[in-house]
Amino acid sequence: MTQPVEALIAECRKAEESCLYTSVTFIIWLRFLRTVRILLNASAVICGALAGWKALSHDYEMAMAVFALLAALLPQIQRVIGLDTTINQVAGLAGEFKNLHDHFRRAANVSSQLAFEKFEAEAKALFNRLDKARVPCITPPEIFFWFAQRKIKKGHYDFDCDETQSTSGG
């Protein structure tokens with residue numbers, strides 16, 4: 001292979017790895033956000049039910065008032081922090097980075113075998129798409145990147161066919 005092809009393959013591999021870590025980070029963060037949304041919604045319903053529960057005696061008037069307050073506040077907190085919007089954005093970015101991960105992998109493995117001009121054009125389109133995916137600049141909390149690193153290093157995103165290729169001289 002020529003030096004420009006090898007350099008472009010190396011750049012595709014770097015982008016592939018970056019997209020893998022980014023997509024897994026977003027996926028893990030997305031699971032967390034969806035769990036928070038479920039907990040907020042369930043808590044609001046439970047607090048509303050407890051506030052209106054007739055079985056509570058007059059000795060628990062303060063508790064009923066707190067439950068009523070929480071039942072009213074929790075949905076508003078969810079709305080104010082924009083949880084649904086954040087979940088939608090994170091879901092979109094998780095999917096886009098996962099798709100880019102796969103496309104960069106395919107470009108490095110398959111498209112690199114094409115004429116350099118075709119490979120370069122495909123890679124350039126992918127890098128432009130990667131730049132667009134980064135524009136929203138939504139940054140997951142660091143702990144979710146740490147969880148992603150752990151999952152990836154444990155081999156959760158390794159494929160048997162890749163291991164077969166690397167051990168058989170590929």
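A quick note: this is a predicted structure, and the numbers were derived from the prediction, not measured.

1. Brief notes about the confidence of the model for the protein
Model confidence for the protein is summarised by a mean pLDDT of 88, while 90% of its residues fall at 70 or above. Averaged over each element, pLDDT in the protein is lowest for helix α6 (residues 160–167) (56) and highest for helix α4 (residues 116–134) (96).

2. A closer look at the pattern of salt bridges
Applying the stated criterion to the full structure yields four salt bridges. As a salt-bridge pair, Glu96 and Arg129 come within 2.6 Å of each other at their nearest N and O atoms. Of this pair, Glu96 sits in helix α3 (residues 83–109) while Arg129 sits in helix α4, and the two are 33 residues apart along the sequence. Given the relative accessible area of 27%, Arg129 is considered partly exposed.

3. Some words on helix α5 (residues 142–153)
When the terminal C-alpha atoms of α5 are compared, their 17 Å separation across 12 residues agrees well with the 16 Å that a helix rising 1.5 Å per residue should span. Residues of α5 that are buried: Phe144, Ala148 and Ile152. Take α5 and look down its axis: the buried residues cluster within an arc of 75°, on one side only. Relative to its buried face, α5 has exposed residues pointing more than 90 degrees away, namely Glu142 and Lys153. Against α1 (3–51) lie the buried residues of α5. Once α5 ends, the next one or two residues include Gly155, with phi positive near 90°.

4. Observations concerning the packing of aromatic side chains
Evaluation of the coordinates by the stated rule reveals eight aromatic pairs. Ring geometry for Phe26 versus Phe97: centroids 6.0 Å apart, planes at 25°, classification stacked. With Phe26 in helix α1 and Phe97 in helix α3, the pair connects residues that are 71 residues apart, well separated along the chain. Note on Phe26: relative accessible area 4%, which makes it buried. By relative accessible area, which is 4% here, Phe97 ends up buried.

5. A closer look at a nonpolar patch on the surface
Taken together, the side chains of Leu69, Leu73, Ile77, Val80 and Ile81 present a nonpolar region at the surface, about 470 Å² in accessible area. With respect to the helices, strands and loops of the structure, Leu69 is situated in helix α2 (residues 61–80).

6. Topic: unusual backbone geometry
One non-glycine residue, Cys137, adopts positive backbone phi at about 50°. Within the fold, Cys137 resides in the loop between α4 and α5.

7. Considering the nonpolar core
Ranked by internal contacts, the top residues of the largest apolar core, which has 35 residues, are Cys12, Phe26, Phe97, Leu100, Phe104, Phe119 and Leu130. Top contributing element to this core by residue count: α1, with 16 residues. Sequence-distant contacts of Leu100, defined by excluding residues within four places in its chain, comprise Cys19, Leu126, Arg129, Leu130 and Ala133.

Here is what the cut-offs are and how they apply
- Residues numbered from 1 in each chain as written.
- Predicted model: local features only at pLDDT ≥ 70, side-chain atom pairs only at ≥ 80, totals over all residues.
- Heavy atoms only, no water.
- pLDDT = per-residue confidence, 0-100.
- Helix = DSSP H or I, 4+ residues; strand = E, 2+ residues; numbered from the N terminus.
- Salt bridge = Lys/Arg side-chain N within 4 Å of Asp/Glu carboxyl O.
- Buried < 20%, exposed > 50% of the residue type's maximum accessible area, 1.4 Å probe, protein only.
- Expected span 1.5 Å × (residues − 1).
- Arc of directions from axis to C-beta.
- Contact = heavy atoms within 4.5 Å.
- Phe/Tyr/Trp six-rings, centres within 6.5 Å; stacked < 30°, edge-to-face > 60°.
- Patch = residues over 30% accessible without salt bridge, like charges linked within 9 Å, V, L, I, M, F, W, Y side chains within 5 Å.
- Areas by Shrake-Rupley, 256 points an atom, 1.4 Å probe, with all protein chains shown as cover.
- Core = buried A, V, L, I, M, F, W, Y, C linked by side-chain atoms within 4.5 Å.

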